[in-house]
Amino acid sequence: MGMDDYGGGQSPEPEVLVVTTNDAPGYRVDKVIGEVFGLTVRSRHLGSQLGAGLKSLVGGELRGLTKTLVQTRNQAMERLVEQARSRGANGVLMFRFDVTEAADVGTEVCAYGTAVVLVRE
């Protein structure tokens, strides 16, 4: 597995700019649209759970679970961007992830932030 299997983020010129900061340098906020989020819940299959259990006995990274979590976060972020775009935004400020266990059957990942219309300064 290459490095791309363990990362995420946006392309250099995204249609909807997503940042973790309260503002975006070089832009001014023209309009605040409001909260947007992208949500997904993923379950792990029995094989990965058994493999993770065995791996935890000897220690080390659980690569399969890491890759699954990266894919899950990327999907949640894509859904956030889709929602922001559909509401007329071209930016999302204060972007965050929230990760929780979902009823002991999977992992819930929520990507959220504030949708805005940004104008280049």
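As shown above, the structure is provided for reference.
Notes on the structure follow. (Residues numbered from 1 in each chain as written. Predicted model: local features only at pLDDT ≥ 70, side-chain atom pairs only at ≥ 80, totals over all residues. Heavy atoms only, no water.)

## Digging into unusual backbone geometry
Link 1 in the chain: The phi torsion at Met 94 lies on the positive side, around 55 degrees, for a residue other than glycine.
Link 2 in the chain: Checked against the element boundaries, Met 94 lands in strand β3 (residues 91-102).
Link 3 in the chain: Taking relative accessible area as the criterion, Met 94 reaches 33% and is therefore assigned partly exposed. (Helix = DSSP H or I, 4+ residues; strand = E, 2+ residues; numbered from the N terminus. Buried < 20%, exposed > 50% of the residue type's maximum accessible area, 1.4 Å probe, protein only.)

## A few points about the environment of Gly 113
Link 1 in the chain: When you line up the elements, Gly 113 lands in strand β4 (residues 106-120).
Link 2 in the chain: Gly 113 sits in the buried class, given a relative accessible area of 5%.
Link 3 in the chain: Residues in contact with Gly 113, not counting those within four places in the same chain, are Gly 34, Glu 35, Val 36, Leu 80, Val 92, Leu 93, Met 94 and Phe 95. (Contact = heavy atoms within 4.5 Å.)

## A look at the side chain of Thr 40
Link 1 in the chain: Following the sequence through the fold, Thr 40 ends up in strand β2 (residues 27-42).
Link 2 in the chain: With a relative accessible area of 6%, Thr 40 lands in the buried category.
Link 3 in the chain: One polar contact links Thr 40 to Gln 75, side chain to side chain, over a distance of 2.9 Å.
Link 4 in the chain: Here Thr 40 is in contact with Thr 72, Gln 75, Ala 76, Arg 79, Thr 107, Glu 108 and Val 109, once residues within four sequence places are set aside. (Polar contact = N/O pair within 3.5 Å; in protein donor to acceptor, adjacent residues only side chain to side chain.)

## Concerning the pairing of β4
Link 1 in the chain: Two strands pair when backbone bridges link them, and β2 and β4 are joined in this way by 14 bridges, in the antiparallel orientation. Across the sheet, residue Glu 35 finds its bridge partner in β4, namely Thr 114.
Link 2 in the chain: Relative to β4, β3 runs antiparallel, the two sharing 10 bridges. Note on β4: the bridge partner recorded for Phe 97 is Ala 111. (Pairing = 2+ DSSP bridges.)

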